[in-house]
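So you can see what is in the structure, the chains are spelled out below.
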Amino acid sequence: MSLSNSLGLLGRKVGMMRVFNEDGDAVPVTVVDVSDNRVTQVKTQANDGYDALQVTFGSRRASRVVKPMAGHLAKAGVQAGEIIQEFRVASDVAAQYPAGTVVAPAAVFAAGQKVDVQGTSIGKGFAGTIKRHNFSSQRASHGNSRSHNVPGSISMAQDPGRVFPGKKMTGHMGDETVTTQNLDIVRIDETRQLLMIKGAVPGSKGGFVTVRPAIKSQGAN
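Since the structure is predicted, the reported quantities are computational estimates derived from the model, not experimental observations.

**A closer look at the overall build of the protein chain**
Thinking step 1. Along the protein chain, the regular secondary structure elements total six helices and twelve strands.
Thinking step 2. Here the C-alpha atoms of the protein chain give a radius of gyration of 23 Å, more than 25% beyond the 17 Å that 2.2 N^0.38 yields for 221 residues.
Thinking step 3. Its C-alpha atoms give the protein chain principal-axis dimensions of about 70 × 50 × 40 Å.
Thinking step 4. Here the protein chain, with 221 residues, has 35% of them falling under the buried criterion.
Thinking step 5. Counting only carbon and sulfur atoms, one obtains 49% of the accessible surface of the protein chain, whose full area is about 13,100 Å².

This is the structure:
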């Protein structure tokens, strides 16, 4: 099985706070609500060509669910969620979670474990190259006139006479899928089903995130 084929959890970013470890040091953590992750479908090699678990999180009014999805969820006996996602897993893992099962955070993660957190970054609007790509400003004087924060030359003249795709220029910044890797789980609140992850994770408060076991740390073992 590939290292990326691991069961994760869907959640919502609650915000940031600090906790104190055994040495009395303050540790900044992001609190992620991963409560009520429900299995909506179990995919198998025999039926679907691969093994996976489809999971949903949150709650949605029945009037906001299209009929095909309502039937799909009713078959699993699961309430409609706000987001739904699939995790590739091994066949023995898929067999442990029949449709309708609520996945507990402690069943997937443990304190001290490293995880990858994926979310939608905060939108920054239209940004220049200095903010968007960490460019340096041009000279403040000595012949520079109204060109202090411009990117400078972007292409050649006659040959090839065009701007290459992928050129770092001004444009829309943020509001894209971002994954922060190798973050530590400091604490798990099993009662409220909260993960406390060291450091910052992508997205704003209330944004949806996906938490998976870290790929790179698994490869190092």
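**Here we look at the packing of aromatic side chains**
Two aromatic rings are characterised by how far apart their centres lie and by the angle between their planes.
Thinking step 1. In total, this model carries one aromatic pair according to the counting rule given.
Thinking step 2. The interplanar angle of 85° and the centroid separation of 6.3 Å between the aromatic rings of Phe57 and Phe208 together place this pair among those described as edge-to-face. Taken together, the positions of Phe57 in strand S4 (residues 52-57) and Phe208 in strand S12 (residues 208-213) put the pair 151 residues apart, joining distant regions of the chain.
Thinking step 3. Residue Phe57 is classed as buried on the basis of its relative accessible area, which comes to 3%.
Thinking step 4. Residue placement shows Arg88 over the ring face of Tyr50; its charged tip is 4.1 Å from the ring centre.

**Quick look at the sheet that holds strand S11 (residues 194-198)**
Thinking step 1. Pairing is antiparallel in the closed barrel, where six strands are placed in the order S1-S2-S11-S10-S7-S12. Between one strand and the next, the sheet's axes are offset by a mean angle of 50°, whatever the strand orientation.
Thinking step 2. Taken together, the six bridges between strand S7 (residues 114-120) and strand S10 (residues 177-189) define a ladder with antiparallel strand orientation. Bridge pairing in S10 places Gly119 opposite Val178.

**Digging into the nonpolar core**
Thinking step 1. One finds Leu7, Phe109, Val115, Val117, Leu195, Ile197 and Val211 to be the most contacted residues of the largest nonpolar core, which totals 27 residues.
Thinking step 2. Elements with a contribution of two residues or more to this core: strand S1 (9-20), S4, strand S5 (83-88), S7, S10, S11 and S12.
Thinking step 3. In this structure Ile197 touches Pro28, Val29, Thr30, Val32, Val115, Val117, Leu183, Asp184, Ile185 and Val211, once residues within four positions along its chain are discounted.

**Focus on a nonpolar patch on the surface**
Thinking step 1. A cluster of nonpolar side chains, Val66, Met69 and Ile84, forms an exposed patch at the surface whose accessible area comes to about 240 Å².
Thinking step 2. In this structure, Val66 sits in the loop between S4 and helix H2 (67-76).

**Observations concerning the sheet that holds S4**
Thinking step 1. Taken in spatial order, the four strands line up as S5-S4-S3-S6 in an open sheet, and their pairing is antiparallel. The two strands at the open ends of the sheet, each matched to only one other strand, are S5 and strand S6 (102-103).
Thinking step 2. As defined by bridge partners, S4 adjoins S5 across six bridges and the pair is classed as antiparallel. Its bridge partner being in S5, Val55 is matched across the sheet by Gln85.
Thinking step 3. In the packing of H2 onto the sheet, the strands contacted are strand S3 (37-43) and S4, and the crossing angle to S3 comes to about 95°.

**What about the pattern of salt bridges?**
Thinking step 1. For the structure shown, the criterion picks out five salt bridges.
Thinking step 2. Note that Arg12 is salt-bridged to Glu82, the shortest N-O span being 2.6 Å. Note that Arg12 is positioned in strand S1 and Glu82 in the loop between H2 and S5, a separation of 70 residues in sequence.
Thinking step 3. Look at Arg12 and you get partly exposed, because its relative accessible area is 24%.
Thinking step 4. According to the relative accessible area criterion, Glu82 is partly exposed, its value standing at 30%.
Thinking step 5. We note a salt bridge from Lys114 to Asp184, for which the minimum N-O separation is 2.8 Å. Placement of the pair is Lys114 in strand S7 and Asp184 in strand S10, with a sequence separation of 70 residues.
Thinking step 6. Judged by its relative accessible area of 32%, Lys114 falls in the partly exposed class.
Thinking step 7. When its relative accessible area of 25% is taken as the criterion, Asp184 is described as partly exposed.

**Quick look at unusual backbone geometry**
Thinking step 1. Cis geometry is found at the peptide bond from Asp159 to Pro160, where omega equals 5°.
Thinking step 2. Its location among the elements puts Pro160 in the loop between helix H5 (129-133) and strand S9 (171-173).
Thinking step 3. For Asp36, which is not glycine, the phi torsion reads 60° and is therefore positive.
Thinking step 4. Inspection of the secondary structure assignment puts Asp36 in the loop between strand S2 (26-33) and S3.
Thinking step 5. For Asp36, a relative accessible area of 31% puts it in the partly exposed group.
Thinking step 6. The phi dihedral of Asn182 is positive, around 55°, even though this residue is not glycine.
Thinking step 7. Position of Asn182 relative to the elements: it lies in strand S10.

The rules behind the values
- Residues numbered from 1 in each chain as written.
- Predicted model: local features only at pLDDT ≥ 70, side-chain atom pairs only at ≥ 80, totals over all residues.
- Heavy atoms only, no water.
- Helix = DSSP H or I, 4+ residues; strand = E, 2+ residues; numbered from the N terminus.
- Rg over C-alpha atoms; globule rule 2.2 N^0.38 Å.
- Buried < 20%, exposed > 50% of the residue type's maximum accessible area, 1.4 Å probe, protein only.
- Areas by Shrake-Rupley, 256 points an atom, 1.4 Å probe, with all protein chains shown as cover.
- Phe/Tyr/Trp six-rings, centres within 6.5 Å; stacked < 30°, edge-to-face > 60°.
- Lys NZ or Arg CZ within 6 Å of the ring centre and 35° of its normal.
- Pairing = 2+ DSSP bridges.
- Axes fitted to C-alpha atoms, helices over the stretch in contact; angles between N-to-C directions.
- Core = buried A, V, L, I, M, F, W, Y, C linked by side-chain atoms within 4.5 Å.
- Contact = heavy atoms within 4.5 Å.
- Patch = residues over 30% accessible without salt bridge, like charges linked within 9 Å, V, L, I, M, F, W, Y side chains within 5 Å.
- Salt bridge = Lys/Arg side-chain N within 4 Å of Asp/Glu carboxyl O.

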